[in-house]
Amino acid sequence: MAIHIPGLISIIVFYLLILAVGIWAGRKAKQTGSDANSENVMLAGRNIGLLVGVFTMTATWVGGGFINGTAEYIARDGFVWCQAPFGYACSLLLGGFFFAKKMRSQGYVTMLDPFSQKYGERMGGLLYIPALLGEVFWSAAILAALGATLSVILELDTKISIIISACIAVFYTLFGGLYSVAYTDVVQLICIFVGLWISIPFAFSNEAVGSIQVNATQNWIKTLDGKYAGVYIDSYLLLIFGGIPWQVYFQRVLSASSVRNAQLLSYVAAFGCVVMSIPSVLIGAIATVTDWNSTRYFDSGRLINGSLQAEDYNLVLPLVLQYLTPQAVAFIGLGAVSAAVMSSADSSILSASAMFARNVYKLIFRQKASENEILWVMRIAIFGVGFLATMMGIVVDSIYLLWFLCSDLVYVVLFPQLLCVIYVRWSNTYGSLAGYIIGLFFRLAGGETALGIPVLIKYPFYNEEDGQLFPYKTLSMLITLSCILIFSYLTKYIFEHGILSARMDIFMCVVSSPDEAISLRFTEHSDISAMTPVDEKNGKINPALKFSSDDLLQVKNDVNLKSGEYAPDGK
């Protein structure tokens, strides 16, 4: 197996371009000395304009999994089952309308900040688990997709291509944080658009390709079997609502230069997702009307009656580029795939690392950590997350299945949590924890055959051949939401009406909160006196996020001492 040297050179040139842009943009990030600012690295100083914001938001969603997966679903299941482009577009629209303004105006730094503030640092850390898994598996899945693409077109070893791509993404992310990620996204999105559109005319004009207009419904549009209506609805709702509670999304929202821009970039990126899916849709349709016996792929011996094998459908896009376009065009298309992968991988790595440094390390373990310390922790986390995603992309065969499961967990666990923490003022830690545990149980009880998770609950319409046909993921999400509301209301009622003593409020989230507010109101401590969010040109900055529960307890004790009532252990 000989490596295609011209193609390898083109990929090297492309990677050097991305690396140069990342290093150039990273100069804006203040990471050393007295100017060190972790928020500046995580959110690019909240100074991302509308144009760059739209590019980076769109590029984050239009990753390697997006363009490869769209072509795969068109070729295998038909346009009717190609839900990701429209599902993600709806997700961005709803996220912009219902969540972007509220999150950006409060000046949060990560998606988990409202949870840490309202439910406590440890509950925020617990919610970090599904968020982390989602980001890591997403990065691993798209790195694996890139490895498969390079192996087809360049005949380059999959492991080498994954490692090199991950190292470059980690390096410029480490160097410049969100500045590097955002500005490289601009270049990468342009490469995706140009690279894929250039390949379309050549693929259409290949002698082995028929007309996609002939028998379109049968070949690539197809129809929906009513038996799978529940699964179809479940998948769409998962994409729409499960696509909102991701740190990669809120990192861009929170980095916007204004609240208005935070919403606008979501709306425009929704349109961008649909537009950027068109080349992949066409490539998938082309694959269905191609006489593969008339192509060089026939020599591989992998065709069955002139058709692709089931396991080759995930390679539809690189196969079309390799066997239906000239070599030079295939290399340009390969650059598009590489750009798509890196535009998503770098975002996920930075997002998971930022959440760990702020919401786990700082808020749980080192609440008085300096900015330099937080930055070093984030750098180490970038290496750790990048290494973990790379290893999983290499060694785990069912990486897509793992990512699908984590997407389920984000939908089932995080979306109702985010909805309640933003819109339900009386939700509390008890409800959040109950919803987390119970909702997770009902999702896992539905089973996951490919991952060896047995079916404990057979929902309506279940059968051994097709598995779960009922929209049980949405049901699990609604169970999570119901549990948060019910348990929050019950604990609020029980404690406020004296049915249980205030001492039993172990999470200090019902009857202890008012005491803390009173304590802060009467303290003369200059830093804590400004608890009300203050308006700045880039949105509100909430000073309450800077203080831990230990700080609040200390202030409460100080006030009690002044009044002659010492409260041991802050009670």
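Please read these numbers as outputs of a predicted model, since none were measured by experiment. (Residues numbered from 1 in each chain as written. Predicted model: local features only at pLDDT ≥ 70, side-chain atom pairs only at ≥ 80, totals over all residues. Heavy atoms only, no water.)

**Q** Describe the overall build of the protein chain, with residues and values.
**A** Counting its secondary structure elements, the protein chain contains 20 helices and two strands. Split into buried and exposed, the 571 residues of the protein chain put 57% on the buried side. For the protein chain, contacts bridging at least 24 residues in sequence account for 81% of all contacts bridging at least 6. If you sum the accessible surface of the protein chain, you get close to 23800 Å²; carbon and sulfur atoms cover 64% of it. (Helix = DSSP H or I, 4+ residues; strand = E, 2+ residues; numbered from the N terminus. Buried < 20%, exposed > 50% of the residue type's maximum accessible area, 1.4 Å probe, protein only. Contact = heavy atoms within 4.5 Å. Areas by Shrake-Rupley, 256 points an atom, 1.4 Å probe, with all protein chains shown as cover.)

**Q** Can you explain helix α13 (residues 316-324)? Please cite residues and give values.
**A** For α13, the buried fraction is high: nine of the nine residues fall into the buried class. Elements in contact with the buried residues of α13: α4 (64-76), α7 (121-153), α8 (158-204), α12 (259-288) and α14 (327-365).

**Q** Tell me about the packing of aromatic side chains, and name the residues and values.
**A** Within this structure, the stated rule accounts for 25 aromatic pairs. Here the aromatic rings of phenylalanine 97 and phenylalanine 98 are separated by 4.8 Å at their centres, their planes lie at 80°, and the arrangement is edge-to-face. On the basis of relative accessibility, which here comes to 36%, the residue phenylalanine 98 falls in the partly exposed class. With a centroid separation of 5.4 Å and 80° between ring planes, the pair formed by tyrosine 232 and tyrosine 236 is classed as edge-to-face. Taken together, the positions of tyrosine 232 and tyrosine 236, both in helix α10 (residues 229-242) and four residues apart, correspond to about one turn of that helix. On the basis of relative accessibility, which here comes to 15%, the residue tyrosine 232 falls in the buried class. One aromatic cluster is present, built from ring pairs that chain together Tyr459, Phe461, Phe470 and Tyr472. Taking the ring centre of tryptophan 376 as reference, the NZ or CZ of arginine 379 above it sits at 4.5 Å. (Phe/Tyr/Trp six-rings, centres within 6.5 Å; stacked < 30°, edge-to-face > 60°. Lys NZ or Arg CZ within 6 Å of the ring centre and 35° of its normal.)

**Q** Residues and numbers for the nonpolar core, please.
**A** Counting 148 residues, the largest nonpolar core has Phe250 and Trp292 as its most contacted members. No other element matches the 18 residues that α14 contributes to this core. The contacts of tryptophan 292, once residues within four sequence positions are left out, are Ala287, Tyr297, Phe298, Leu303, Gly306, Leu308, Leu319, Val320, Tyr323 and Leu324. Of all hydrophobic cores here, the second largest spans five residues; its members include Tyr430, Phe495, Val510 and Val511. (Core = buried A, V, L, I, M, F, W, Y, C linked by side-chain atoms within 4.5 Å.)

**Q** So what about the side chain of threonine 60? Which residues, and what values?
**A** Assignment of secondary structure puts threonine 60 in helix α3 (residues 50-61). By relative accessible area, which is 2% here, threonine 60 ends up buried. There is a polar contact of 2.9 Å between the side chain of threonine 60 and the side chain of arginine 252. (Polar contact = N/O pair within 3.5 Å; in protein donor to acceptor, adjacent residues only side chain to side chain.)

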